[in-house]
Amino acid sequence: MCRAAGLLSGGAGDRDVSIQPVATVGGAPVALADVDAAEARLRGGPLAAALPAAGTGEGRQLRRWLTQLIVTERVVAAEAAARGLTAGGAPTEAELLPDVTARLEIGSIAAAALADPRARALFAAVTAGVAVTDDDVAAYHLRNPLRFAAPTPARHGWRAPPRSAPPLAEVRCAVAEHLLGAARRRAFRIWLEGRRAALVRLAPGYEHPGDPSQPDNTHRH
């Protein structure tokens, strides 16, 4: 019988499911112990109180999320090694993920993987050719004229919303930086999804948390 914190769904035949890999990355196995260890680190850390109880549907979803993170980290490590990339000179997390919106854009798994400087070096390499045009910048400013407008000073140190849109020339660099960051995150996310699809195979019970075929992916109100 498998442990509650172990394999999420039943094994096959007489095999000892506790030693079956939860996934493979390029044919290399990801052991159940790796997921157990990742979960133990979380449950022993400062966020332990916010985590779902082990053995519940939410707890199993956490283990699926951790499995996704582990396989993503291995994909990233393999790709970085194949390209001869190291942590040296990698951009900072703040440069690639400056705010919560940026983390939502790229997804929680990729955002967590980018804590590793090798992943950030890979991000830089993969997205080096991404660019935005002057037309992109002008069109964005036309649609969002107040997006980069400076707030208006108000009484007692408060600031009021801007009253008028700045000219494009005044905010061109800010708009271009914003658009380029978003375009690079989108390009990296798409590239990473493609590499995971090519390299990763998940065992039953360790499907992606959002996979509608797995029983714990149930929308509730």
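Worth saying up front: this structure is predicted, and the values here are computed from it rather than measured.

Calculation notes
Residues numbered from 1 in each chain as written. Predicted model: local features only at pLDDT ≥ 70, side-chain atom pairs only at ≥ 80, totals over all residues. Heavy atoms only, no water. Helix = DSSP H or I, 4+ residues; strand = E, 2+ residues; numbered from the N terminus. Buried < 20%, exposed > 50% of the residue type's maximum accessible area, 1.4 Å probe, protein only. Contact = heavy atoms within 4.5 Å. Areas by Shrake-Rupley, 256 points an atom, 1.4 Å probe, with all protein chains shown as cover. Axes fitted to C-alpha atoms, helices over the stretch in contact; angles between N-to-C directions. Parallel < 35°, antiparallel > 145°, perpendicular 65-115°, else oblique. Left-handed = near helix turned anticlockwise from the far one by under 90°. Phe/Tyr/Trp six-rings, centres within 6.5 Å; stacked < 30°, edge-to-face > 60°. Lys NZ or Arg CZ within 6 Å of the ring centre and 35° of its normal. pLDDT = per-residue confidence, 0-100. Salt bridge = Lys/Arg side-chain N within 4 Å of Asp/Glu carboxyl O. Core = buried A, V, L, I, M, F, W, Y, C linked by side-chain atoms within 4.5 Å.

Details of the overall build of the chain
Here comes step 1: On a plain count of helices and strands, the chain comes out with eight helices and five strands.
Here comes step 2: Here the chain holds 221 residues, and 33% of them are scored as buried.
Here comes step 3: Counting only contacts in the chain whose residues sit at least 6 apart along the sequence, the fraction spanning at least 24 positions is 71%.
Here comes step 4: Surface accessibility of the chain: about 12,900 Å² in total, with carbon and sulfur atoms responsible for 58%.

A closer look at the packing of helix H1 (residues 32–43) against helix H2 (residues 57–82)
Each packed pair of helices is defined by two parameters, the angle between the axes and the distance between the axes.
Here comes step 1: One can describe the packing of H1 onto H2 by two numbers: an axis separation of 10 Å at closest approach and a directional angle of 115 degrees. Comparing their axes, H2 and H1 come out roughly perpendicular. The chirality of how H1 crosses H2 is right-handed. On the side of H1, the interface is formed by Leu32, Asp34, Val35, Asp36, Ala38, Glu39, Leu42 and Arg43, while H2 contributes Leu62, Arg63, Leu66, Thr67, Ile70 and Arg74.

Overview of the packing of aromatic side chains
Here comes step 1: Applying the stated criterion across every chain, the model contains two aromatic pairs.
Here comes step 2: The structure contains a cluster of three or more aromatic residues connected by ring pairs, namely Phe123, Phe188 and Trp191.
Here comes step 3: Here the guanidinium or amino end of Arg147 rests over the ring plane of Phe148, the centre of that ring lying 4.5 Å away.

As for the confidence of the model for the chain
Here comes step 1: Per-residue confidence for the chain gives a mean pLDDT of 88; residues scoring 70 or more make up 86%.
Here comes step 2: Contacts from residues 1–15, a stretch scored under 50 in pLDDT, to residues over four places away or in other chains number 24 contacts.

Topic: the environment of Ala77
Here comes step 1: Within the secondary structure layout, Ala77 lies in helix H2.
Here comes step 2: By relative accessible area, which is 24% here, Ala77 ends up partly exposed.
Here comes step 3: It is 7.3 Å that separates the C-alpha atoms of Ala77 and Ala119, two residues lying 42 residues apart in sequence.

Description of the pattern of salt bridges
Side chains carrying opposite charge are able to pair once their charged atoms draw close together.
Here comes step 1: Under the defined criterion, the tally for this structure stands at 12 salt bridges.
Here comes step 2: The partner of Asp116 in a salt bridge is Arg118, and the shortest N-O contact between them spans 3.0 Å.
Here comes step 3: The class for Asp116 is partly exposed, based on a relative accessible area of 25%.
Here comes step 4: Relative accessible area serves as the criterion here: at 38%, Arg118 is assigned to the partly exposed category.
Here comes step 5: Here the salt bridges do not stand alone but share partners, grouping Asp36, Glu39, Arg43 and Arg63 into one network.

Focus on the nonpolar core
Here comes step 1: Core analysis: the largest hydrophobic core is formed by 29 residues, its most contacted members being Val22, Val30, Leu97, Ile106, Leu114, Phe188 and Leu192.
Here comes step 2: Counting only elements with at least two residues in this core, the list comes to strand E1 (23–25), H1, H2, helix H4 (100–106), helix H5 (108–113), helix H6 (117–126) and helix H8 (168–199).
Here comes step 3: Here this core gets six residues from one element, more than from any other, and that element is H2.
Here comes step 4: Non-local contacts of Leu97, meaning those with residues more than four positions away in its chain, are made with Ala102, Arg103, Ile106, Ala111, Leu114 and Arg185.
Here comes step 5: Counting residues in each nonpolar core, the second largest holds five residues, with Val137, Val171, Val175 and Leu179 among its members.

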